[in-house]
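Structural features, examined
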Amino acid sequence: MKQESVVVIIGAGPAGLATSACLNLKNIPNIVLEKEDCCASLWKKRAYDRLKLHLAKEFCELPGMPFPPGTPTYVSKHGFIRYLDDYISYHNVAPLYHREVESAAFDREYWTIMARNTLLDRTEEYVAAFLVVASGENGEGFVPQNIPGLDSFSGDVMHSSDYGNGKKYENRNVLVVGSGNSGMEVAFDLWNWGARASIVVRSPVHILTKRMVKIGMVLLKHVPLDIVDKIVLMLGKMKFGNLSAYGIQRPDKGPFYLKMTTGRSPVIDVGTIKKIQSHKIKVFPSIKSIDGNHVHFIDGSTKTFDSIVFATGYKSTVSKWLKDDGALFSANGMPNMRAPNHWKGENGLYCAGFSRSGLLGISNDARAIARDINSLFSHEN
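Throughout what follows, the structure given in this document is the object of discussion. (Residues numbered from 1 in each chain as written. Predicted model: local features only at pLDDT ≥ 70, side-chain atom pairs only at ≥ 80, totals over all residues. Heavy atoms only, no water.)

**A word on the packing of aromatic side chains**
Where two aromatic rings form a pair, the distance of their centres and the angle of their planes describe that pair. Tallied over the entire structure, the rule returns 13 aromatic pairs. Geometrically, the ring pair formed by phenylalanine 130 and tyrosine 350 is tilted, given 6.4 Å between the ring centres and 45° between the ring planes. Taken as a pair, phenylalanine 130 in strand β5 (residues 122–133) and tyrosine 350 in strand β18 (residues 349–351) lie far apart in primary sequence, 220 residues in all. Residue class for phenylalanine 130 comes out buried when judged on its relative accessible area of 4%. (Phe/Tyr/Trp six-rings, centres within 6.5 Å; stacked < 30°, edge-to-face > 60°. Helix = DSSP H or I, 4+ residues; strand = E, 2+ residues; numbered from the N terminus. Buried < 20%, exposed > 50% of the residue type's maximum accessible area, 1.4 Å probe, protein only.)

**Side note on the nonpolar core**
Counting 81 residues, the largest nonpolar core has Val7, Phe80, Leu190, Ile207, Ile248 and Ile373 as the members making the most contacts within it. In this structure, valine 7 is in contact with Leu23, Ile28, Pro29, Asn30, Ile31, Ala128, Phe130, Val132 and Ile373, ignoring residues within four places of it in sequence. Ranked by size, the runner-up nonpolar core spans 23 residues in total, among them Trp111, Leu131, Val133 and Val318. (Core = buried A, V, L, I, M, F, W, Y, C linked by side-chain atoms within 4.5 Å. Contact = heavy atoms within 4.5 Å.)

**A short note on the packing of helix α6 (residues 225–240) against helix α7 (residues 255–262)**
Contact pair α6 / α7: the axes reach a minimum separation of 7 Å and the direction vectors enclose 130°. With respect to their mutual orientation, α6 and α7 come out oblique. In this structure, α6 contributes Leu225, Val228, Asp229, Val232 and Leu233 to the contact, and α7 contributes Pro255, Phe256, Tyr257 and Met260. Residues belonging to the contact of α6 with α7 are distributed by class as follows: eight nonpolar, no polar and one charged. (Axes fitted to C-alpha atoms, helices over the stretch in contact; angles between N-to-C directions. Parallel < 35°, antiparallel > 145°, perpendicular 65-115°, else oblique. Nonpolar A, V, L, I, M, F, W, Y, C, P; charged D, E, K, R; others polar.)

**Regarding the environment of glycine 164**
Structurally, glycine 164 is set in the loop between β7 (156–159) and β8 (173–177). On the basis of relative accessibility, which here comes to 28%, the residue glycine 164 falls in the partly exposed class. A C-alpha to C-alpha distance of 4.3 Å links glycine 164 and tyrosine 48, two positions 116 residues apart in sequence. Glycine 164 has contacts with Tyr48 and Asp49, leaving out every residue within four places of it along the chain.

**As for helix α1 (residues 14–25)**
Taking 1.5 Å of rise per residue, 12 residues should cover 16 Å, and α1 covers 16 Å from first to last C-alpha, within 8% of that figure. Immediately beyond the C-terminal end of α1, within one or two residues, lies asparagine 27, with a positive phi of roughly 60°. (Expected span 1.5 Å × (residues − 1).)

**What about the side chain of serine 355?**
Here serine 355 is to be found in the loop between β18 and α9 (358–380). Among all residues touching serine 355, those that are not within four sequence positions of it are Glu137, Ala339, His342, Gly361 and Asp365.

**Here we look at empty space enclosed by the protein**
One simple way to see leftover space: roll a probe sized like a water molecule over the atoms. According to the stated counting rule, one finds three cavities of 30 Å³ or more in the structure shown. The volume enclosed by the largest cavity comes to roughly 50 Å³. If you go around the largest cavity, the residues you meet are Pro204, Val205, His206, Pro251, Pro255, Leu258, Arg264, Ser265 and Pro266. Of the residues contributing to the lining of the largest cavity, the split by class is six nonpolar, two polar and one charged. A volume near 40 Å³ is recorded for the second largest cavity. The residue inventory of the lining of the second largest cavity, partitioned by class, reads five nonpolar, no polar and one charged. (1 Å grid on protein atoms, 1.4 Å probe; cavity = no way out; pocket = protein on both sides within 12 Å on 5 of 7 lines; lining within 4 Å. Points joined across faces, edges and corners; volume = space filled by probe spheres on them.)

Spelled out as structure tokens, the structure:
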């Protein structure tokens, strides 16, 4: 089976959907391939129940469709899923599900994409002039395997993508590894369900509120970044004080500078810090080793846990199937160039959703890719 199109988009998350929508608005034929049985599988299958968008809705809209009137400022997981389902219908995006891409290679003029139809157990071939990689930064959950004794742990071990809620953890000792937004929120959720939650904080991290981040993003439109960072840091210190006594250090660089240069987001507090300050959630440094259900930390302390949740991020899967990428991607499956120069490669290759700038970055990528393909497609025709 062979299908031809002007553009093939790999991935039906927000990046793939937004790119397809922008191309549809310009009447450019495109096919979206998705390995799961639904769009936005990260949101529908791998996001914990209490998740909300951490940025205000005006920074999270995809191209061509605002959130409906009455939508809360910070959209819930289920609200965002409804928005994406409506977005597909509104923009006539029609992903082909159960298509797991096995290879994508450029041959003189065209991209040839081989995908396994997992529903029918057959290989399908797709040919296109342009290829958009929209499989995202979060292809699969990352769990570090270099922790001595991890395989000896006698309790449950999971990645945060498999965590729904803390209902089954009541009265259990649970260790959350990772102090980003997911880790902090999972620890808070566990506490709310009656678990005895602890969290590993390995690196310095900025702690802000949603309002502080919104203020910063609005100011960035008019004020230099270093001044915005100073203002937001001052607000953070006023709100949370010095957290070093609780095992949380602040980075030397400001939150928006770090987001722009490294892609690392500040933690947007949902109530976890108050629980840490009242010693209801305990903070530990890095894990030294594990022996059965005993976890040893680098500060010499040891504690027994029933479960471990790794909120240690994700990794891209692009390098597993993309060939002939012309150095657009590095060995870790992320673009070699930083935003805003990351989205275009050679021979009609593009990437969407790899700017480390969330949904706003996704929207910018989708618009840029559609404009560029439109200029080339119009010229050829």
